[in-house]
Amino acid sequence: MIKTILFWLENSRIFSLPMTVLSWLVVFVYSLKSGGDILNGVIALIGISFAHLATNLFDDYVDYKKLTENSQKCKCVYIKKGKATLNDVLKVVVIYCVIACIAGLFLLLRFGLTVLWLGLLGGVITLIYAKLSQRGLSEIAVGTAFGPLLFEGVYFVMTGYFSLIVFVMSLAVVMFTVGLLYVHTLLDFEGDMVSHKKTLVCRIGCKSKALKGVFIVYGLGYLFTGILAFMLKNYFILLTFALVPLVFDIYNSLKSFVCGDETKEFYFRLLKARNLMVYYSLLITLFLLF
């Protein structure tokens, strides 16, 4: 049983879960300073986390049918090797969604229809994310789900209010999550082009041009970070600019990547973007405590 759970968590790309947990942590800490309800915040985290895992796994379900020889070696490898069938994948996605819905129902009973609308929007994004990513809209979907929807949703169930400051905070933090997604699609560029998957990077059409988008994504993150620091009059937040050299490191490592390289080369670069998001979120959380 434990091995089965670990198997599915690994294939649900649990390594990406820190971007959910840490995004939640930022707004959770800020909500606590406003007298927020701890239990509601924790229940929200459970729902959001399982919705995230469901999205990752359902993306595999959709992508597997269009895999090409040029796709990354690690893509859907557990299905390729016969360790799981597409029906197995779908069953686990349903289990994840049921858990997320139970968490949502708990909050619905406490806060009413506002939670229902937030949950429905999150559920729709979860179910159609794979289709959105094939049309170059994955960054918008992730930006919405892990940005304003997550931040305002958690703040609301903890305090009963929405907040302009929380909205700006969400835009700052989510750009580092979008950065992780953008790096992922850059690494998948060749395979996605062959399979006609219209990610934003594929729509740009030229990998060297798309690479420059790394600076746009993270640049927007730092723009909103600066705005947030001035809105809160908390200038410790500006110390997150010390992480800018890591953006250049990500850019340079992507320039040297060749699609089809060993799996470790793929994850080496992907985890650079994941780690930048982790460091940024931890620093923001720490500075919000000051």
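Rules of the game
Residues numbered from 1 in each chain as written. Predicted model: local features only at pLDDT ≥ 70, side-chain atom pairs only at ≥ 80, totals over all residues. Heavy atoms only, no water. Helix = DSSP H or I, 4+ residues; strand = E, 2+ residues; numbered from the N terminus. Buried < 20%, exposed > 50% of the residue type's maximum accessible area, 1.4 Å probe, protein only. Contact = heavy atoms within 4.5 Å. Areas by Shrake-Rupley, 256 points an atom, 1.4 Å probe, with all protein chains shown as cover. Phe/Tyr/Trp six-rings, centres within 6.5 Å; stacked < 30°, edge-to-face > 60°. Core = buried A, V, L, I, M, F, W, Y, C linked by side-chain atoms within 4.5 Å. Expected span 1.5 Å × (residues − 1). Axes fitted to C-alpha atoms, helices over the stretch in contact; angles between N-to-C directions. Parallel < 35°, antiparallel > 145°, perpendicular 65-115°, else oblique. Left-handed = near helix turned anticlockwise from the far one by under 90°. Nonpolar A, V, L, I, M, F, W, Y, C, P; charged D, E, K, R; others polar. Polar contact = N/O pair within 3.5 Å; in protein donor to acceptor, adjacent residues only side chain to side chain.

### Description of the overall build of the chain
Per the secondary structure count, the chain includes 14 helices and 0 strands. Of all 290 residues assigned to the chain, the portion counted as buried reaches 51%. Contacts in the chain between residues at least 24 apart in sequence constitute 76% of all its contacts with a sequence separation of at least 6. Accessible surface, the chain: about 13,500 Å² in total, of which carbon and sulfur atoms supply 71%.

### Observations regarding the packing of aromatic side chains
Centre-to-centre distance and the angle between the planes together describe a pair of aromatic rings. Across all of its chains, the model carries 15 aromatic pairs by this definition. On the basis of an interplanar angle of 70° and a centroid distance of 5.3 Å, the ring pair of F230 and Y235 is categorised as edge-to-face. Accessibility expressed as a relative area gives 44% for Y235, which makes it partly exposed. Through a chain of ring-to-ring contacts, three or more aromatic side chains come together here, namely F176, Y218, Y222, F241 and Y280.

### Looking at the nonpolar core
Side chains of nonpolar character tend, in soluble globular proteins, to be buried together. By size, the foremost hydrophobic cluster in this structure holds 72 residues, and its most contacted members are F151, V183, L186, Y218, L254 and L288. Once residues within four sequence positions are removed from consideration, L186 is found in contact with V201, K207, A210, L211, V214 and L254. Judged by nonpolar contacts, the second largest core, of 15 residues, contains L53, A84, V89 and Y96.

### Things to note about helix 12 (residues 213-232)
Its 20 residues give helix 12 an end-to-end C-alpha distance of 29 Å, which sits within 8% of 28 Å, the value for a rise of 1.5 Å per residue. Restricting attention to buried positions, one finds in helix 12 the residues G213, V214, V217, Y218, G221, Y222, T225, G226, L228 and A229. Positioned one or two residues after helix 12, K233 has a phi angle of 55°, which is positive.

### So, the packing of helix 2 (residues 18-33) against helix 8 (residues 164-187)
Axis separation between helix 2 and helix 8 bottoms out at 11 Å; the angle between their running directions is 165°. As far as their axial angle goes, helix 8 and helix 2 are roughly antiparallel. Crossing hand, helix 2 versus helix 8: right-handed. In this structure, helix 2 contributes M19, S23, V26, V27 and Y30 to the contact, and helix 8 contributes I165, V166, M169, V173, T177 and L180. Classifying every residue of the contact of helix 2 with helix 8 by side-chain character gives 9 nonpolar, 2 polar and no charged.

### Focus: the side chain of S253
Positionally, S253 belongs in helix 13 (residues 244-255). One polar contact links the side chain of S253 to the main-chain carbonyl oxygen of I250, over a distance of 2.9 Å. If sequence neighbours within four positions are ignored, S253 has contacts with R269 and K272.

### Points about the environment of L90
Along the polypeptide, L90 turns up in helix 5 (residues 86-111). Take L90: its relative accessible area is 30%, and that puts it in the partly exposed class. Taking C-alpha positions, L90 is 9.3 Å from A54, a pair spaced 36 residues apart along the chain.

### A closer look at the side chain of T20
With respect to the secondary-structure elements, T20 resides in helix 2. Judged by its relative accessible area of 0%, T20 is buried. Here T20 is in contact with I48, S49, H52, F146 and L150, once residues within four sequence places are set aside.

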